[in-house]
Amino acid sequence: MAFDLRDTLVVGISATALFDLSEEDQFFKKQISENPSQAVRRYREYMLERELESLSDGTGMPLMKGLVGLNRHAEADKTPLVEVVVMSRNSPETAVRVLHNVRNLGLEVSRFAFTGGESVVEYLEAFDVDLFLTTDKDDAQAVIDGGYCPAAILKDPPSEGNSPIENQVRIAFDGDAVLFDEQSELVYKRDGLQGFHKHEDQKKDEPMAEGPYASFLKKLSRLQERLPGGVEGCEVRVAIVTARNAPAEIRVVNTLRNWGIYVDEVFFLGGVKKDKVLSAFKPHIFFDDQELHLKDAAHVVPSALVPYESDSQLRAPMMTPSEGKA
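Nothing here was measured: the structure is a model prediction, and the numbers come from that model. (Residues numbered from 1 in each chain as written. Predicted model: local features only at pLDDT ≥ 70, side-chain atom pairs only at ≥ 80, totals over all residues. Heavy atoms only, no water.)

(A) Spotlight on the layout of surface pockets. Empty space within the largest pocket amounts to approximately 1,100 Å³. If you go around the largest pocket, you meet 39 residues; those closest to its centre are Thr 16, Leu 21, Asp 25, Thr 135 and Asp 136. Residue assignment for the lining of the largest pocket shows that the elements contributing at least two residues are helix H1 (15-18), helix H2 (22-34), helix H3 (36-49), strand E2 (82-88), strand E4 (131-134), helix H6 (137-146) and strand E5 (151-154). Broken down by class, the residue content of the lining of the largest pocket amounts to 14 nonpolar, 13 polar and 12 charged. Considering every element that reaches the lining of the second largest pocket, the biggest residue donor is helix H4 (residues 61-69), with five residues. Of the residues assigned to the lining of the second largest pocket, the class counts are 12 nonpolar, 10 polar and six charged. (1 Å grid on protein atoms, 1.4 Å probe; cavity = no way out; pocket = protein on both sides within 12 Å on 5 of 7 lines; lining within 4 Å. Points joined across faces, edges and corners; volume = space filled by probe spheres on them. Helix = DSSP H or I, 4+ residues; strand = E, 2+ residues; numbered from the N terminus. Nonpolar A, V, L, I, M, F, W, Y, C, P; charged D, E, K, R; others polar.)

Right under this line is the structure:
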């Protein structure tokens with residue numbers, strides 16, 4: 001009987017986001033440039049020779065370990081709390097190394113999609129994916145443009161900083177153009193910081209529209225409700241880390257209230273760099289829409305870029321970074 005996954009958080013993750021496959025990727029690209037007609041065959045031989053070798057963790061591994069660990073709280077007669085689907089352009093044969101590493105780590109993943117060179121994007125709806133994490137910019141853009149689900153491009157694993165909190169899952173989000181729609185950000189882009197503050201203060205009682213990650217936040221809220229302790233004090237902890245500050249902060253709180261969403265922590269930084277707050281919060285992943293903020297954050301915590309839709313007005317040049325992000 002098929003699972004009813006409406007109350008199950010389903011995360012799709014590419015093999016290159018789960019494991020560090022940068023060496024393998026470089027090998028394939030080299031073969032493509034040197035001898036395209038033989039590239040697939042040589043890559044296949046390369047992978048088969050190494051299929052029992054261990055792989056280093058990718059940026060998404062801490063989050064996946066934390067999420068699947070929550071299933072220890074699932075009731076025997078209920079659907080899982082979390083499902084993880086590993087998705088890869090590898091063929092099933094060349095993906096054996098990934099399968100071995102998943103099993104050797106004891107990672108409770110039972111669903112895989114190996115597409116033999118084809119894009120995995122078209123299969124997201126088939127697996128009921130709520131969030132897709134990848135290192136492939138084109139795949140992430142196709143997901144965002146197609147409206148399949150929230151998607152992000154994972155940065156390299158952090159080079160410094162502390163490990164995420166054990167026995168807990170911590171997720172941090174930027175606000176505008178991530179959880180909330182991009183309209184306020186466009187006001188900032190058009191009218192500057194002073195105009196943005198005036199606009200947001202005037203509309204403090206008017207909830208913002210949903211951004212690309214609102215549906216994921218709501219699914220996290222349902223997950224929290226299924227965990228011991230309910231939304232408050234459970235093992236999933238959510239933070240918003242935004243460069244907003246007074247008088248633009250009240251609208252954030254009122255919007256979350258309107259959505260019926262409880263968030264554990266909110267940081268209004270007023271343009272201060274986010275990396276120190278994130279280092280203290282120790283998230284398993286941080287989502288932001290601007291490279292400016294991820295440049296430092298990605299060094300200390302697992303981080304991911306949320307791409308804009310291809311026709312978004314935010315793709316036009318932004319204002320000077322020193323003026324701060326909304």
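(B) Just the environment of Thr 94, in detail. Secondary-structure assignment places Thr 94 in the loop between E2 and helix H5 (96-104). Beyond its immediate stretch of four places on either side in the chain, Thr 94 contacts Arg 44 and Met 47. Within the structure, Thr 94 has its side chain in polar contact with the side chain of Asn 90 (distance 3.5 Å). A polar atom in the side chain of Thr 94 sits 3.0 Å from the side chain of Ser 91. (Contact = heavy atoms within 4.5 Å. Polar contact = N/O pair within 3.5 Å; in protein donor to acceptor, adjacent residues only side chain to side chain.)

(C) Fine view of the pattern of salt bridges. In the structure shown here, the tally under the stated rule is 25 salt bridges. Across the pair Asp 139 and Arg 89 runs a salt bridge, and its minimum N-O distance is 2.6 Å. With Asp 139 in helix H6 and Arg 89 in the loop between E2 and H5, this residue pair connects regions lying 50 residues apart in the sequence. By relative accessible area, which is 6% here, Asp 139 ends up buried. Arg 237 is paired through a salt bridge with Asp 264; the nearest N and O atoms lie 3.6 Å apart. Within this pair, whereas Arg 237 is found in strand E7 (residues 236-242), its partner Asp 264 is found in the loop between helix H9 (250-259) and strand E8 (265-268), the two being separated by 27 residues in sequence. Asp 264 sits in the buried class, given a relative accessible area of 16%. One connected set of salt bridges, linked through shared partners, spans Asp 176, Glu 200, Lys 203, Glu 206, Arg 244 and Arg 251. (Salt bridge = Lys/Arg side-chain N within 4 Å of Asp/Glu carboxyl O. Buried < 20%, exposed > 50% of the residue type's maximum accessible area, 1.4 Å probe, protein only.)

(D) The nonpolar core, seen in detail. In this structure, Leu 133, Phe 173, Tyr 213 and Phe 287 are the most contacted members of the largest nonpolar core, which totals 54 residues. Ignoring sequence-local partners within four residues, the contact set of Tyr 213 consists of Leu 131, Pro 150, Ala 151, Ala 152, Phe 173, Val 178, Leu 179, Phe 287 and Val 306. With 15 residues, the next largest nonpolar core counts Val 241, Phe 286, Ala 297 and Leu 305 among its residues. (Core = buried A, V, L, I, M, F, W, Y, C linked by side-chain atoms within 4.5 Å.)

(E) Local environment of the pairing of E4. Neither face of E4 is open: one carries Leu 131 and Leu 133, the other Phe 132 and Thr 134, and all of them are buried. The sheet contact formed by strand E1 (residues 9-14) and E4 spans three bridges and is parallel. What sits directly across from Val 11, in E4, is Leu 131. The sheet contact formed by E4 and E5 spans three bridges and is parallel. Note that in E5 the partner of Phe 132 across the bridge is Ala 151. Taken together, E4, H6 and E5 constitute a β-α-β crossover, and its handedness is right-handed. (Pairing = 2+ DSSP bridges. Right-handed = clockwise from strand over helix to strand, strands pointing away.)

(F) The arrangement of the sheet that holds strand E3 (residues 111-114) in detail. Strand order in the open sheet formed by 10 strands is E3-E2-E1-E4-E5-E10-E9-E6-E7-E8, with mixed pairing between adjacent strands. The outermost strands of the open sheet, each flanked by one partner alone, are E3 and E8. Along the sheet, successive strands turn relative to each other by an average axial angle of 25 degrees, direction set aside. (Axes fitted to C-alpha atoms, helices over the stretch in contact; angles between N-to-C directions.)

Functional significance is not addressed by these values, which are geometric in nature.
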